[in-house]
Amino acid sequence: MRTERAEARPRAAPAAPPDRVDVLVIGAGMSGLAIAYQLKRRGIDDFVIVEKSGGVGGVWRDNQYPGAGCDVPSHLYSFSFAPKADWSRKFAPRDEILDYFEDVARSFDIVGHCRFNTAVTTLDFDGQSGRWTMALDDGRRISARSVISAVGQLSEPFTPAIAGLDRFEGRVMHTARWDRSADLTGQRVAVIGNAASAIQLIPIVADQARTLSVFQRTPNWVIEKPDRRFTRAEHWLFGNLPGYRRLYRTGSFLIHEMRFAAFRQGSLAARFTRWQLERKIRKAVPDPAMREILTPDYAPGCKRVLLSNTYFQTLAREHVSLVSDPISHLEADAIVTAGGDRVEADTVILATGFKATEFLSTLSVTGPDGRTLAEVWGPSPSAYRGVAVAGFPNLFMLYGPNTNLGHNSIIFMTERQAEYVAAKVERLLSHDLKSLSVRPQAQAAFDARVQRSLAGTVWAGACPSWYKTGDGRITNNWSGLASAFALTLARPDQSAWEER
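Residues numbered from 1 in each chain as written. Predicted model: local features only at pLDDT ≥ 70, side-chain atom pairs only at ≥ 80, totals over all residues. Heavy atoms only, no water.

Novice: Can you lay out the overall build of the chain for me, pointing to particular residues and giving the numbers?
Specialist: Along the chain, the regular secondary structure elements total 13 helices and 21 strands. Since a compact globule built from 500 residues should have a radius of gyration of about 23 Å, the 23 Å found for the chain is in line with a globular shape. Considering only C-alpha atoms, the chain reaches an extent of 70 × 50 × 45 Å along its principal axes. Here the chain holds 500 residues, and 56% of them are scored as buried. Look at the contacts in the chain between residues 6 or more apart in sequence, and 73% of them connect residues 24 or more apart. With an accessible surface of roughly 21,000 Å², the chain has 52% of that area assigned to carbon and sulfur atoms. When the 61 positive and 53 negative side-chain charges of the chain are each reduced to one mean point, those points stand 6 Å apart. (Helix = DSSP H or I, 4+ residues; strand = E, 2+ residues; numbered from the N terminus. Rg over C-alpha atoms; globule rule 2.2 N^0.38 Å. Buried < 20%, exposed > 50% of the residue type's maximum accessible area, 1.4 Å probe, protein only. Contact = heavy atoms within 4.5 Å. Areas by Shrake-Rupley, 256 points an atom, 1.4 Å probe, with all protein chains shown as cover. Lys, Arg positive; Asp, Glu negative; His and termini not counted. Charge placed at Lys NZ, Arg CZ, Asp CG, Glu CD.)

See the structure below:
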């Protein structure tokens, strides 16, 4: 088996991180840029961002497969402090999003705080000094007053344990480790997975491949993607008419907020959404047998709802086949199903997602009492307001447990968390505290409220999804409107914190 990885494009000259800083940020993706802006805004300049790859951008740097793009409108999937007037499309493609994040890093002088091609392996807190010690993968160590994890929920690719995968003699690529030099022209291609990444790349791969076999474990609900290029008139309005861009963004935000009603179990909006999506499948898939395979038996939203205008049409093409029989194993040149069918392939594409529920899975984090974060969390992570865990002082996280969304822009959520965390860090530094830690009872009460609310959503339904752990606990999603999350973080909560 040959596993291909994309070559990293360096974004700045390598520099060694300092031995001591006030704040260390892990990750230079969307969340890392958001917290860097908020720290600088508060006059906190003694911070460093450690990033394992060769530049900023996070998942938008890693995911460079054909067709990669955003399923949130461009003007909404951007920072409020860094609006962009010249987005090319209503839904931006991957390269344009990466360029945007790189521009933000340069414009706000964040690149100088970044140390690329450097990974944190362990974090240990010393209660006497009130500092975290970070061990890096090159053997160096850094001491920091506070640590902010900005690694996100979708940073570690998931590769399923498929028998024989290591014996396959063709090319194997995960969508998050795509090799742009790979030429699939005339090849027999097999795509394992049919979710968010797969649905974007499958129509493009189908135009290149001699045969394309799509291995589906669970069908997905698919809605139209209202994408198009912005007109010259729209670009002029965005760039020249005062307030128009803000009004457009606000309108987009409110439209997406209204869609949350469809995620409440048994609601009229949920029933209407299901009728609408079933109608779409009936129109798009004339073959009754294929239509049955492609129609989910769970409520829309239980798994992530996907956006595509060409997915169903692609599956109907003569050289494309949909395989719903489970995979048994791989041979040197083929995938063998549980039913004994042998599907020959030259290239296998793993569109199998990420280790979404394994927060901070690449780090060993040890608190002042010797317990690790993995031990405290067990299989079901939780965090106070999504950003802090009791027993781990001066440690914050962005895009942590129960902060993901199914209906609106995650950048909105991340900005609110970054504002909140930066304010806590400012208090830690300005009051010269050794320890700022959320109280266990505050975290438990917050988590209980969130879980009670989540029980009434479609995410609690009987479907496999990356929103929840194997035991059914929803660890990834926020339980309500994005605006409700903002209001939650805006409420004073000094009594929830212990200072020393």
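The structure having been displayed, the exposition proceeds.
Novice: Can you explain the layout of surface pockets? Please cite residues and give values.
Specialist: Of the pockets and cavities examined, the second largest pocket occupies roughly 440 Å³. Considering the residues around the second largest pocket, the lining is formed by 22 residues, among which Ser 80, Arg 245, Arg 246, Arg 249 and Thr 250 are closest to the centre. Mapped onto the lining of the second largest pocket, the elements with two or more residues apiece are helix 5 (232–240), helix 6 (244–258) and helix 11 (410–430). By residue number, the principal contributor to the lining of the second largest pocket is helix 6, which donates six residues. (1 Å grid on protein atoms, 1.4 Å probe; cavity = no way out; pocket = protein on both sides within 12 Å on 5 of 7 lines; lining within 4 Å. Points joined across faces, edges and corners; volume = space filled by probe spheres on them.)

Novice: Residue-level account of the pairing of strand 2 (residues 20–26), with values.
Specialist: Side-chain direction in a regular strand flips from residue to residue, so the side chains alternate between the two faces of the sheet. With respect to burial, strand 2 is a largely interior element, five of its seven residues being buried. Bridge count between strand 2 and strand 7 (residues 141–149): six bridges; the pairing is parallel. Bridging across to strand 7, Leu 24 finds its partner in Val 147. For strand 2 and strand 3 (residues 47–50), the ladder comprises four bridges, and the chain directions are parallel. Its bridge partner lying in strand 3, Val 25 is registered against Ile 49. Taking the sense of rotation as the criterion, the β-α-β connection linking strand 2, helix 1 (residues 30–41) and strand 3 turns out right-handed. (Pairing = 2+ DSSP bridges. Right-handed = clockwise from strand over helix to strand, strands pointing away.)

Novice: Break down the sheet that holds strand 16 (residues 342–344) for me, with residues and values.
Specialist: Spatially, the three strands line up as an open sheet ordered 14-15-16, and their pairing is antiparallel. The outermost strands of the open sheet, each flanked by one partner alone, are strand 14 (327–330) and strand 16. The mean angle between the axes of side-by-side strands here comes to 25°, regardless of whether they run parallel or antiparallel. (Axes fitted to C-alpha atoms, helices over the stretch in contact; angles between N-to-C directions.)

Novice: An account of the environment of Arg 61 is needed here, citing residue identities and associated values.
Specialist: Structurally, the position occupied by Arg 61 is in helix 2 (residues 59–62). Among the residues examined, Arg 61 registers a relative accessible area of 6% and is labelled buried. The spacing of Arg 61 and Arg 177 is 116 residues in sequence and 9.8 Å in space, taken between C-alpha atoms.

Novice: How would you explain unusual backbone geometry if you had to name every residue and give the values?
Specialist: Of note, the phi angle at Arg 385 is positive, near 50°, even though the residue is not glycine. Along the polypeptide, Arg 385 turns up in the loop between helix 10 (373–377) and strand 19 (395–397). For Arg 385, a relative accessible area of 7% translates into the label buried. A positive phi angle, close to 55°, is found at Asn 402, a residue other than glycine. If you trace the backbone, Asn 402 turns up in the loop between strand 19 and helix 11. Overall, the relative accessible area of 3% leaves Asn 402 in the buried class.

Novice: Can you tell me about the nonpolar core, naming the residues and giving the values?
Specialist: Across soluble globular proteins, you tend to see nonpolar side chains buried next to one another. One finds Leu 39, Tyr 77, Phe 79, Phe 101 and Ile 148 to be the most contacted residues of the largest nonpolar core, which totals 76 residues. Mapped onto this core, the elements with two or more residues apiece are strand 2, helix 1, strand 3, helix 3 (94–107), helix 11, strand 20 (436–438), helix 12 (440–454) and helix 13 (482–490). It is helix 11 that provides the largest number of residues to this core, a total of 11 residues. Ignoring any residue separated from it by four or fewer positions in sequence, one finds Phe 101 in contact with Met 30, Leu 33, Val 56, Gly 57, Trp 60, Tyr 77, Phe 79 and Ile 411. (Core = buried A, V, L, I, M, F, W, Y, C linked by side-chain atoms within 4.5 Å.)

Novice: Could you give an account of helix 11, with specific residues and numbers?
Specialist: Between the first and last C-alpha of helix 11 there are 30 Å, a value that for 21 residues agrees with the 30 Å anticipated at 1.5 Å per step. Here helix 11 lies mainly inside the structure; 16 of its 21 residues are buried. For helix 11, the capping residue at the N-terminal end is Ser 409, with a side-chain oxygen 3.2 Å from the backbone nitrogen of Ile 411. Following helix 11 by one or two positions, Asp 432 adopts a phi angle in the positive range, close to 50°. (Expected span 1.5 Å × (residues − 1). Polar contact = N/O pair within 3.5 Å; in protein donor to acceptor, adjacent residues only side chain to side chain.)

Novice: Can you lay out helix 13 for me, pointing to particular residues and giving the numbers?
Specialist: Burial in helix 13 covers these residues: Ala 482, Phe 485, Ala 486, Thr 488 and Leu 489. All buried residues of helix 13 project into a common sector of 160° when viewed along the axis, lining one side. Exposed residues lying more than 90 degrees from the buried face of helix 13 are Leu 487 and Ala 490. Among the structural elements, helix 6, helix 11 and helix 12 are those in contact with the buried residues of helix 13. (Arc of directions from axis to C-beta.)

Novice: Could you give me a rundown of the packing of helix 1 against helix 11, with the residues and numbers involved?
Specialist: Running from N to C, helix 1 and helix 11 point in directions that differ by 40°, and their axes come no closer than 8 Å. As summarised for this structure, helix 1 and helix 11 are arranged oblique, according to the angle between their axes. Note on packing geometry: the crossing formed by helix 1 with helix 11 is right-handed. When helix 1 is examined against helix 11, the residues Met 30, Ser 31, Ala 34, Ile 35, Gln 38 and Leu 39 are found in contact with a partner set consisting of Ile 410, Ile 411, Thr 414, Ala 418, Glu 419, Val 421, Ala 422 and Val 425. In terms of residue class, the contact of helix 1 with helix 11 is built from 10 nonpolar, three polar and one charged. (Parallel < 35°, antiparallel > 145°, perpendicular 65-115°, else oblique. Left-handed = near helix turned anticlockwise from the far one by under 90°. Nonpolar A, V, L, I, M, F, W, Y, C, P; charged D, E, K, R; others polar.)

Novice: Describe in detail the packing of helix 11 against helix 13, supporting the description with residues and values.
Specialist: Running from amino to carboxyl end, helix 11 crosses helix 13 at an angle of 0°, the nearest separation of the two axes being 10 Å. Taken together, the axes of helix 11 and helix 13 lie roughly parallel to each other. Residue-level inspection shows Phe 412, Met 413, Arg 416, Gln 417 and Tyr 420 of helix 11 in contact with helix 13, the latter providing Ala 482, Ser 483, Phe 485, Ala 486 and Leu 489. Its residues placed into classes, the contact of helix 11 with helix 13 shows seven nonpolar, two polar and one charged.

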